[in-house]
Amino acid sequence: MARILIVEPHADIRSLLELVVRRLGHEPVVHKGGAEPPDVEAAVIEPGEGHGLSLARSLKEAGVPLLFTSIFPPDRDVLELEPSAYLVKPFPLYALEAALAVALAPAELAATA
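Cut-off values and rules
Residues numbered from 1 in each chain as written. Predicted model: local features only at pLDDT ≥ 70, side-chain atom pairs only at ≥ 80, totals over all residues. Heavy atoms only, no water. Pairing = 2+ DSSP bridges. Helix = DSSP H or I, 4+ residues; strand = E, 2+ residues; numbered from the N terminus. Axes fitted to C-alpha atoms, helices over the stretch in contact; angles between N-to-C directions. Core = buried A, V, L, I, M, F, W, Y, C linked by side-chain atoms within 4.5 Å. Buried < 20%, exposed > 50% of the residue type's maximum accessible area, 1.4 Å probe, protein only. Contact = heavy atoms within 4.5 Å. Salt bridge = Lys/Arg side-chain N within 4 Å of Asp/Glu carboxyl O. Phe/Tyr/Trp six-rings, centres within 6.5 Å; stacked < 30°, edge-to-face > 60°.

A. Fine view of the sheet that holds strand β1 (residues 3–7). Pairing is parallel across the open sheet formed by five strands, whose spatial order is β2-β1-β3-β4-β5. Each edge of the open sheet carries a strand with a single partner, namely β2 (27–30) and β5 (85–88). Sheet twist, expressed as the mean angle between neighbouring strand axes with direction ignored, is 20 degrees. Where β1 meets β2, four bridges bridge the pair, whose relative direction is parallel. In the strand pairing of β2, L5 is matched with V29.

Structure representation (structure tokens):
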């Protein structure tokens, strides 16, 4: 089971993301602010959400795989972070499930080795 950070400003979308993460057997961790990123294995971030992009930079430096979800197409600042996936809303939930599986694969392989 992995801890997945969720940074999403809209409560309804955030709840849906939490549901998908739980359904996959992982623990959703909702970001409630603060300068220090929590200890997580991956992050699903809305980059347009206030501090989402700066938090993503901190997580990238820590080696945490990033998945972005947004209504806007990716821009240069987001792509420079080399996300595991960039999903444009609305997206099918299976796309998020698949993106999380790909992002977590290296960590899961290391845990079984």
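B. Inspection of the nonpolar core at higher detail. Of all hydrophobic cores here, the largest spans 17 residues; its most connected members are I4, L17, V44, L67, L96 and L100. Contributions of two or more residues to this core are made by β1, α1 (11–23), β3 (42–45), β5 and α4 (93–112). In terms of residue count, α4 provides more of this core than any other element does, five residues in total. In contact with L67, other than residues within four places in its own chain, are A43, V44, I45, S84, A85, L96, A99, L100 and A103. The next biggest cluster of nonpolar side chains, apart from the first, holds 16 residues, and it includes A43, I45, L59 and L81.

C. Looking closely at the pattern of salt bridges. Throughout the structure, instances matching the rule amount to eight salt bridges. Across the pair E18 and R22 runs a salt bridge whose closest N-O atoms are separated by 3.4 Å. Of the two residues, E18 and R22 are both situated in helix α1; the distance of four residues between them amounts to about one turn of the helix. Residues K60 and E82 are paired through a salt bridge, measuring 3.6 Å at the closest nitrogen-oxygen approach. Of this pair, K60 sits in helix α2 (residues 52–61) while E82 sits in the loop between α3 (76–79) and β5, placing them 22 residues apart in sequence. Given a relative accessible area of 31%, K60 falls into the partly exposed group.

D. Highlighting the packing of aromatic side chains. One pass over the structure, following the stated rule, counts one aromatic pair. The interplanar angle of 50 degrees and the centroid separation of 6.3 Å between the aromatic rings of F68 and Y86 together place this pair among those described as tilted. On the criterion of sequence distance, the pair formed by F68 in strand β4 (residues 66–70) and Y86 in strand β5 is long-range, its members being 18 residues apart. Here F68 and Y86 have matching classes, each one buried.

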